[in-house]
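Architecture at a glance
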Amino acid sequence: QVQLVESGGGLVQAGGSLRLSCAASGSIFTINDMGWYRQAPGKQRELVASITRNDETNYADSVKGRFTISRDNAKKTVYLQMNSLKAEDTAVYYCTAALVFRVGVWEEDYWGQGTQVTVSS
């Protein structure tokens, strides 16, 4: 069974740091783009950061300079290091990955179950 499992969320004070992890498991040939989204109460889900297989990264303007996305292809894992956290970063964070199961087969997008990040001011 293929799944993405997130960890690392929690409660932190403003100015603090958290590191999220998301590991893919199952029979996967390779992983293309990986990323993190978040959804705050009453708001739409938004892209936080993404990373390609070649480590090209993209960030939302609101997190540039504070968050860093990285990946370990051997471990099929993507990370999100979050520093200088603000109350407005409070949200459920979801990881996503474009999984390829066989050579010559198109990728499929998978999502994690979400992990809560709460920043107290």
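Everything in this summary refers to the structure shown in the same document. If you're wondering where the values come from, they're calculated on a predicted model, not measured in any experiment.

Note that side chains of opposite charge can pair when their charged atoms are close. This model, assessed by the stated rule, comprises four salt bridges. Between Glu46 and Arg38 there is a salt bridge whose closest N-O contact spans 2.7 Å. Note that Asp89 and Arg66 form a salt bridge whose closest N and O atoms lie 2.7 Å from each other. Placement of the pair is Asp89 in the loop between β8 (77–82) and β9 (91–100) and Arg66 in the loop between β6 (57–59) and β7 (67–72), with a sequence separation of 23 residues. One exposure class covers both Asp89 and Arg66, and it is buried. A single salt-bridge network, built from bridges that share partners, covers Arg38, Glu46, Arg66 and Asp89.

Scanning all chains against the criterion turns up one disulfide. The side chain of Cys22 participates in a disulfide bridge whose partner is Cys95; the two sulfur atoms lie 2.0 Å from each other. Around the S-S axis, the bridge from Cys22 to Cys95 shows a dihedral of about 40° and counts as right-handed. Within this pair, whereas Cys22 is found in strand β3 (residues 18–25), its partner Cys95 is found in strand β9, the two being separated by 73 residues in sequence. Judged by relative accessible area, Cys22 falls into the buried class, the value being 1%.

Thresholds applied
Residues numbered from 1 in each chain as written. Predicted model: local features only at pLDDT ≥ 70, side-chain atom pairs only at ≥ 80, totals over all residues. Heavy atoms only, no water. Salt bridge = Lys/Arg side-chain N within 4 Å of Asp/Glu carboxyl O. Helix = DSSP H or I, 4+ residues; strand = E, 2+ residues; numbered from the N terminus. Buried < 20%, exposed > 50% of the residue type's maximum accessible area, 1.4 Å probe, protein only. Disulfide = S-S within 2.5 Å.

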